[in-house]
Amino acid sequence: MIELIPAIDIIDGQCVRLTKGDYDQKTVYGNDPVVVAQRFETMGFRRLHVVDLDGAKSSHVVNVDVLRRITEQTSLVVDFGGGIKTDEDIEKAFDNGAQMVTVGSIAVKKPELFVEWLERYGSERMILGADVRNGLVSINGWKEDSKEELLPFLKYYIDHGVRNVLCTEISKDGTLAGPATELYKAIMATYPQLHLIASGGVSCTEDIIKLEREGIPAVVFGKAFYEGRINMAALRA
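As a starting point, this report considers the structure included with it. (Residues numbered from 1 in each chain as written. Predicted model: local features only at pLDDT ≥ 70, side-chain atom pairs only at ≥ 80, totals over all residues. Heavy atoms only, no water.)

**Some words on the packing of aromatic side chains**
- Under the defined criterion, the tally for this structure stands at 12 aromatic pairs.
- For the ring pair Tyr156 and Tyr157, a centre distance of 4.8 Å and an interplane angle of 90° mean the geometry is edge-to-face.
- Look at Tyr156 and you get partly exposed, because its relative accessible area is 38%.
- A relative accessible area of 1% places Tyr157 in the buried class. (Phe/Tyr/Trp six-rings, centres within 6.5 Å; stacked < 30°, edge-to-face > 60°. Buried < 20%, exposed > 50% of the residue type's maximum accessible area, 1.4 Å probe, protein only.)

**Remarks on the state of the cysteines**
- In the structure shown here, the tally under the stated rule is 0 disulfides.
- No disulfide involves Cys167; its sulfur sits 20 Å from the nearest other cysteine sulfur, which is in Cys204.
- In this structure Cys167 comes out as buried when scored by relative accessible area, which is 1%. (Disulfide = S-S within 2.5 Å.)

**Some remarks on the pattern of salt bridges**
- Taken as a whole, this structure holds 14 salt bridges when the rule is applied.
- The partner of Lys92 in a salt bridge is Glu88, and the shortest N-O contact between them spans 3.8 Å. Of this pair, Lys92 and Glu88 both sit in helix α4 (residues 87-95), 4 residues apart, which is roughly one turn of the helix.
- By relative accessible area, Glu88 is classed as exposed at 52%.
- Put simply, Lys155 and Asp159 hold a salt bridge, and the shortest N to O gap is 2.8 Å.
- Classification of Lys155 by relative accessible area gives partly exposed; the value is 42%.
- Beyond isolated ion pairs, a larger network of salt bridges with shared partners links Glu3, Arg47 and Asp79. (Salt bridge = Lys/Arg side-chain N within 4 Å of Asp/Glu carboxyl O. Helix = DSSP H or I, 4+ residues; strand = E, 2+ residues; numbered from the N terminus.)

**Here's the deal with helix α7 (residues 150-158)**
- Within α7 the residues assigned to the buried category are Leu150, Phe153, Leu154, Tyr157 and Ile158. Viewed along the axis of α7, the buried residues span an arc of 135°, placing them on a single side of the element. (Arc of directions from axis to C-beta.)

**Looking at the layout of surface pockets**
- Its volume calculated, the largest pocket comes out at about 230 Å³.
- Among the elements of the structure, β1 (3-11) and α11 (232-236) are those that each provide at least two residues to the lining of the largest pocket.
- Tallying contributions element by element places α11 first for the lining of the largest pocket, with 3 residues.
- The residue inventory of the lining of the largest pocket, partitioned by class, reads 7 nonpolar, 1 polar and 4 charged. (1 Å grid on protein atoms, 1.4 Å probe; cavity = no way out; pocket = protein on both sides within 12 Å on 5 of 7 lines; lining within 4 Å. Points joined across faces, edges and corners; volume = space filled by probe spheres on them. Nonpolar A, V, L, I, M, F, W, Y, C, P; charged D, E, K, R; others polar.)

**Some thoughts on the nonpolar core**
- With 71 residues, the main nonpolar core has Phe114, Trp117 and Leu154 as its most contacted residues.
- Broken down by element, the residue count for this core peaks at 6 residues, all from helix α6 (residues 111-121).
- Excluding anything up to four places from it in sequence, Trp117 contacts Ile84, Lys85, Thr86, Asp87, Ile90, Val103, Ile106, Gly122 and Met126.
- Residues Ala7, Met100, Ala218 and Val220 belong to the second largest nonpolar core, which totals 8 residues. (Core = buried A, V, L, I, M, F, W, Y, C linked by side-chain atoms within 4.5 Å. Contact = heavy atoms within 4.5 Å.)

**As for the packing of α4 against α6**
- Running from amino to carboxyl end, α4 crosses α6 at an angle of 35°, the nearest separation of the two axes being 12 Å. By crossing handedness, the relation of α4 to α6 is classed as right-handed. Contact with α4, carried on its side by Asp87, Ile90, Glu91 and Phe94, involves Leu113, Trp117, Arg120 and Tyr121 of α6 and no other residues of that element.
- Among the residues forming the contact of α4 with α6, the class breakdown is 5 nonpolar, no polar and 3 charged. (Axes fitted to C-alpha atoms, helices over the stretch in contact; angles between N-to-C directions. Left-handed = near helix turned anticlockwise from the far one by under 90°.)

This is the structure:
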């Protein structure tokens with residue numbers, strides 16, 4: 001079965017969702033992310049994707065207190081991303097309970113540092129964030145596009161031991177327009193060994209079922225859940 005990973009994005013300590021990564025298109029879905037995380041756990045989820053949007057914008061980890069409260073008050077396996085740029089940032093994430101981290105910009109700007117982290121912490125604890133816009137990997141909270149094309153970028157890190165990749169099609173994120181299924185199929189066809197986590201655009205239960213049918217290993221979703229568009233009973237069936 002496809003791995004189901006709900007997402008909590010944090011700005012100013014609140015649970016929010018953006019549209020296409022635009023901080024001016026923000027919807028607040030909860031004043032306390034811990035309560036939201038506990039709700040996910042009660043519903044039977046085991047994983048949680050936490051994004052520090054303040055951290056992504058400011059280029060250093062910000063919301064570690066929220067991360068710590070989530071990991072202390074639930075038994076969810078949390079992966080944490082947003083603003084991880086330095087050894088201090090990644091240590092903060094792990095010290096405050098994250099069991100995995102998602103790192104994107106550093107993999108583009110400082111590949112030697114990301115490879116060092118892979119070797120130090122192990123590939124099972126590192127998720128390569130590959131956020132894509134117009135075929136290029138985007139960085140710094142999606143504020144700019146790099147010159148890195150997606151598939152060669154993935155190959156470089158697969159050759160260095162990466163097995164977990166979170167790929168967000170930015171034009172789809174927060175739009176409820178359906179995921180970039182063809183993109184994910186192309187990635188899996190090229191690199192079938194990956195544990196690929198699809199992200200962006202999930203609008204309903206059927207979108208998740210279609211991703212599973214296409215052999216996509218995992219999916220992150222947020223807005224569709226918060227808007228009541230995902231039928232958990234149907235997914236369990």
